[in-house]
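For reference, the chains in residue letters:
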Amino acid sequence: MAVIASVSGLGVAQTHMAVEFGASQGTVLWIINIYTLTLAALLLPLGAVGDRLGRKPVLITGLGLFGIASVAAGLAPTAESMLAARLVGGVGAAMIMPITLAVITSTFPAEQRGRAIGVWTGIAGGGGILGMFLSALLVDVADWRHLFALPVVLVVVALVMAVKSVPDSRESSVHGFDTVGALVSAVAVVGLVFVLHEGPDRGWTHPATLGALAVGLLAALGFVLRALRLRDASLLDVRLFRERGLAGGSITLLVVFGVQAGIAVVLFPFFQAVLGWSGLLATLALMPMALMMMTASGLAPRLAERVGARATMATGIALAGVGLALMALLASVDGGYPALLPGMITMGLGMGLSMTPSTEAITRSLPRGKQGVASALNDITRELGTALGVALLGALVAVGYRGAIDDRLHGIPPEAADTAREGVANAVEVAEGAGSHARELVHAARQSFVDGWQQAMWVGVVVMGVLFLHIVLNGPRGPVNAADGTADGDGTADGTAGGSGTADGTGALAAR
């Protein structure tokens, strides 16, 4: 929760940082994004390091580094020092995040693992929204620097619990650490995440965007070719993606987290500019979806035990699609929050049901000796999905808004009309100086935003429909604990087992 809250929480303090540091909007965005970029880039290498050096010491080291960085960020006197603190915080977060799930998958017995992963998934899914709410509350009632008090408190509690309760586990390997693969994977992730973060602002044809895309794709291709050549000795054996569990789980998390993040981002201007709510109230309005998601994540393992992972994932995806359709059908300027609530609750339920079996499908597809890598892959998929969803859904709403408002600006003064085309918040702000046209301009902007919103929701429905068909046809087979090509995380589909799990992995596979 500390790691994920730090991804989303600082966004509510953008204007405060810009004023206090005298920083440009670009610098402020880098203060926010440098953390995410560093976290995403180092997840896979540091997850593998945890497998080899010991998961508990890496977790404790990461918590300490993350806590120190949070304190430094809260006390940072300049934008440059804040950037440095956020970068170090991203390193600590990359040590924490994959280890948390790897500890669960490598130590919990098979009959309890699904429910433990459900708790982890619920906190991971709802932590971002809870972090945004607490951050908005702190900014409203105190100083923006108090945003860093929340992760510090969570880290102190986590350190005490980790020292006392988390068992140490590590895996031996006959292969050396794939340093080149780690570096290439970091370059690939940074390049692709940079494109998704900066593309909407810089432009998709900007030289920096195109350059980062080329570097990211080339590095990703190089990583795949190297992994195919090294096979078991690589950082991640990409041949495992031929398994239904790994491929289906990864695709589901990519899409579900993308849709969730995109919806959360476009909901804020709806609440603030269309409904006229404050940032705190807008964040509070997301809590029903977050709470439903966390609750459903805990229930998903029990459902998967009865009807199977594929049926549970498909049901969750279908419900999420229904939630998007409800928001597209019911959203209106006059309908307000009650019109959105049924769709938000249904979507939260669907996301919670789909995330837990997807996460478990990924971790079960890799051997016990590479659970840190499996957990990191799960996290990278979520990060890429989040960045992709924010970029694409945000762009769809913006394009739909501009297309709809042009026909509603007849008679509006040209200068005010040009400002209104930039976005609904701009239109509401400039309406104060539009004289007798103020009311007409505000209504036109709000209605145009709803039109753009509805178009984006329908695109989301189509995406979820395609994902539903894919999972029904190619999702993990059978119940969670059934033979889906893995051996409870100890053996891969071809009967091999990473690290020290060879005998147990093959034996469990043969028994199954």
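Preceding this paragraph is the structure being described.
Residues numbered from 1 in each chain as written. Predicted model: local features only at pLDDT ≥ 70, side-chain atom pairs only at ≥ 80, totals over all residues. Heavy atoms only, no water.

### Quick word on the overall build of the protein chain
Thinking step 1. The number of helices and strands found in the protein chain is 19 helices and 0 strands.
Thinking step 2. Classification of the 512 residues of the protein chain by burial places 53% in the buried group.
Thinking step 3. Residue pairs in contact within the protein chain that sit at least 24 positions apart in sequence constitute 80% of those at least 6 positions apart.
Thinking step 4. Surface exposure of the protein chain reaches about 20200 Å², of which carbon and sulfur atoms provide 67%. (Helix = DSSP H or I, 4+ residues; strand = E, 2+ residues; numbered from the N terminus. Buried < 20%, exposed > 50% of the residue type's maximum accessible area, 1.4 Å probe, protein only. Contact = heavy atoms within 4.5 Å. Areas by Shrake-Rupley, 256 points an atom, 1.4 Å probe, with all protein chains shown as cover.)

### Observations concerning the packing of helix α10 (residues 244-274) against helix α15 (residues 371-405)
Thinking step 1. Across the interface, α10 lies against α15 with an axial gap of 6 Å and an inter-helix angle of 40°. Judged on the interaxial angle alone, α15 and α10 are oblique. Along this stretch, α10 crosses α15, giving a crossing that reads as right-handed. Where α10 abuts α15, its residues L246, S250, L253, L254, F257, G258, V259, A261, G262, I263, V265 and V266 lie against L377, N378, T381, R382, L384, G385, T386, G389, V390, L393, G394 and V397.
Thinking step 2. Its residues placed into classes, the contact of α10 with α15 shows 14 nonpolar, 9 polar and 1 charged. (Axes fitted to C-alpha atoms, helices over the stretch in contact; angles between N-to-C directions. Parallel < 35°, antiparallel > 145°, perpendicular 65-115°, else oblique. Left-handed = near helix turned anticlockwise from the far one by under 90°. Nonpolar A, V, L, I, M, F, W, Y, C, P; charged D, E, K, R; others polar.)

### Focus: the pattern of salt bridges
Thinking step 1. In total, this model carries 5 salt bridges according to the counting rule given.
Thinking step 2. A salt bridge links R145 to E20, with the nearest nitrogen and oxygen atoms 2.8 Å apart. With R145 in the loop between α6 (110-141) and α7 (149-165) and E20 in helix α2 (residues 14-21), this residue pair connects regions lying 125 residues apart in the sequence.
Thinking step 3. Residue class for E20 comes out partly exposed when judged on its relative accessible area of 42%.
Thinking step 4. For R226, the salt bridge identified is with D178, shortest N-O distance 2.9 Å. Taken together, the residues R226 in helix α9 (residues 207-230) and D178 in the loop between α7 and α8 (179-202) connect sequence positions 48 residues apart.
Thinking step 5. Judged by its relative accessible area of 5%, D178 is buried. (Salt bridge = Lys/Arg side-chain N within 4 Å of Asp/Glu carboxyl O.)

### Some points on the side chain of T346
Thinking step 1. Turning to its location among the elements, T346 is positioned in helix α14 (residues 336-365).
Thinking step 2. Residues contacting T346, with those up to four places away along its chain left out, are L319, A320, V322, G323 and L326.

### So, the packing of aromatic side chains
Thinking step 1. Tallied over the entire structure, the rule returns 9 aromatic pairs.
Thinking step 2. Both rings, one in F270 and one in F449, keep their centres 6.3 Å apart while their planes meet at 45°; by these two values the pair is tilted. One end of the pair, F270, is in helix α10; the other, F449, is in helix α18 (residues 438-474), with 179 residues separating them in the sequence.
Thinking step 3. Its relative accessible area of 5% is what places F449 among the buried residues. (Phe/Tyr/Trp six-rings, centres within 6.5 Å; stacked < 30°, edge-to-face > 60°.)

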